[in-house]
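Examination of the molecular architecture
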Amino acid sequence: MFKLVEKRGLWFTISLIVTLPAILFMIYFGVTTGQVLPLSIDYTGGTVWEIRFATPVETAPVRDVFAAAGYNDTSVFTVGADGTVQIKLKPIDGTQKEVFKQTLTDQFGPFEELSYRSLGPSVGGEVSQAALVAVLVASGLILLYIAWAFRQVSHPFRYGITAVIALIHDVLVTLTFICIMYFLVGWEVDTLTLTAILTVLGFSMSDTVVVFDRIRENLRRYKGESFATIANRSLLETMSRSIATQITAFLVLVAILVLGGATLRQFVASLIVGFASGVFSSLFNATPLLVAWEEGSLLPRKSNNAGAGSGRVVSA
């Protein structure tokens, strides 16, 4: 039998490699800008203006129009290949918008306004606070639910805590992807990113609960085996189910990514990365971490009988 939990040092190393960039980026971004992440105007307040020129234009000259008027932190990105650009800048009023509209028309020709939305900084701050509270509350409720659902197993809170740690791993992996794309194409954390993260949490938790539930069943069935052996057996028994479920979701998401247009690209790509991380964390983080906690060692023990009887089911 392939011993997955005995290779937990490898799994934990891989997790560290893919989550460390997000932590380092948040430290760097916090020191240089005062924000932990590159937040969109959904959280900071500002204006997003999406327009389509008759002929494609370079983003730098468009940005210079706004920089010349004192909006030096304006970001301009190309959206697709049809001359559409997205402009993000500080809040402007109707008069300022008309001035910019006339200037852009004079320099680059007529354009079509696709969307325009403005959000004040106070509203953005409220959204940021609500987003943080939503993630914290979701994590807390998940921990309590897991602990209650596995109350007949010794140390039920260990199941809940390791599951939440796996979820934190998935959030960091998703943020690592967003941070990389920020440098490449200017992606920012917006409300759809929060939606993607919460969706990933739910999907990943479903896989983790399936594995933990199989561990609970096998603890009753194989009372003479060590906890590490039972956990490994449970992983192998549920792995095909987890992978098949994720592949089905991936096929749908890839179709949306290819055919859904530019507005959904960041959201769907974040889901794909988060779901892939969820499969990994459910199989190779949550359960190996639980075994390490039960055995009292992050590295596997040499004896296969180590920790025999750990995590036993408490009789009712």
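Structure: above.
Presented here is an overview of the structure given in this document. Throughout, residues of each chain are indexed from 1 in the direction in which the sequence is written. The predicted nature of this model means local features are confined to residues of pLDDT at least 70 and side-chain atom pairs, given and counted, to a pLDDT of 80 or more, with totals for whole chains, interfaces and linings taken over all residues. Only hydrogens and water are set aside when side-chain values are computed; all heavy atoms of the structure are taken into account.

A look at the sheet that holds strand β2 (residues 75–78)
Strand pairing requires that DSSP identify at least two bridges connecting the strands. Only DSSP runs of H or I with at least four residues qualify as helices, and only runs of E with at least two residues qualify as strands; both kinds are numbered from the N terminus onward. Pairing is antiparallel in the open sheet, where four strands are placed in the order β2-β3-β1-β4. The sheet is open, and its two borders are formed by β2 and β4 (111–119), each paired with just one other strand. Averaged over all pairs of adjacent strands, the angle between strand axes in this sheet comes to 15°, irrespective of strand direction. For strand β1 (residues 46–53) and strand β3 (residues 84–89), the ladder comprises six bridges, and the chain directions are antiparallel. Bridging across to β3, W49 finds its partner in I87. We call two residues in contact whenever any of their non-hydrogen atoms come within 4.5 Å of each other. For helices, the fitted axis covers only the stretch in contact; all axes are lines through C-alpha atoms, and the angles between them, taken along N-to-C directions, range from 0 to 180 degrees. Contacting β1, β2 and β3, helix α3 (residues 59–68) runs over the sheet at an angle of about 155° to β2.

A few points about the pattern of salt bridges
Basic side-chain nitrogens of Lys or Arg form a salt bridge, by our definition, when they fall within 4 Å of a carboxyl oxygen of Asp or Glu. Using the criterion set out here, one finds 10 salt bridges in the structure. Among the ionic pairs, E188 bridges to K88, the shortest N-O distance being 3.1 Å. You can see E188 sitting in the loop between α6 (156–185) and α7 (191–221) and its partner K88 sitting in strand β3, a full 100 residues away along the chain. By relative accessible area, E188 is classed as buried at 14%. For the salt bridge of K97 with E113, the shortest nitrogen-to-oxygen distance reads 3.1 Å. Taken together, the positions of K97 in helix α4 (residues 94–108) and E113 in strand β4 put the pair 16 residues apart, joining distant regions of the chain. Throughout, exposure labels follow a simple rule: accessible area from a 1.4 Å probe, protein chains only, divided by the maximum for the residue type, with under 20% read as buried, over 50% as exposed, and the rest as partly exposed.

Focus on α6
By definition here, a helix of n residues has an expected span of 1.5 Å times n minus one. With 30 residues, α6 extends 44 Å between its outermost C-alpha atoms, agreeing within 8% with the 44 Å of an ideal straight helix rising 1.5 Å per residue. Across the 30 residues of α6, 21 count as buried, placing the element largely inside the fold. Phi turns positive, to about 85°, at G186, one or two residues after α6.

Concerning the pairing of β3
In terms of residue burial, β3 counts as a mostly covered element, since six of its six residues are buried. Burial of the side chains of β3 extends over both faces: T84, Q86 and K88 are buried on one face and V85, I87 and L89 on the other. Relative to β3, β2 is paired through four bridges, and the arrangement is antiparallel. Note on β3: the bridge partner recorded for F77 is Q86.

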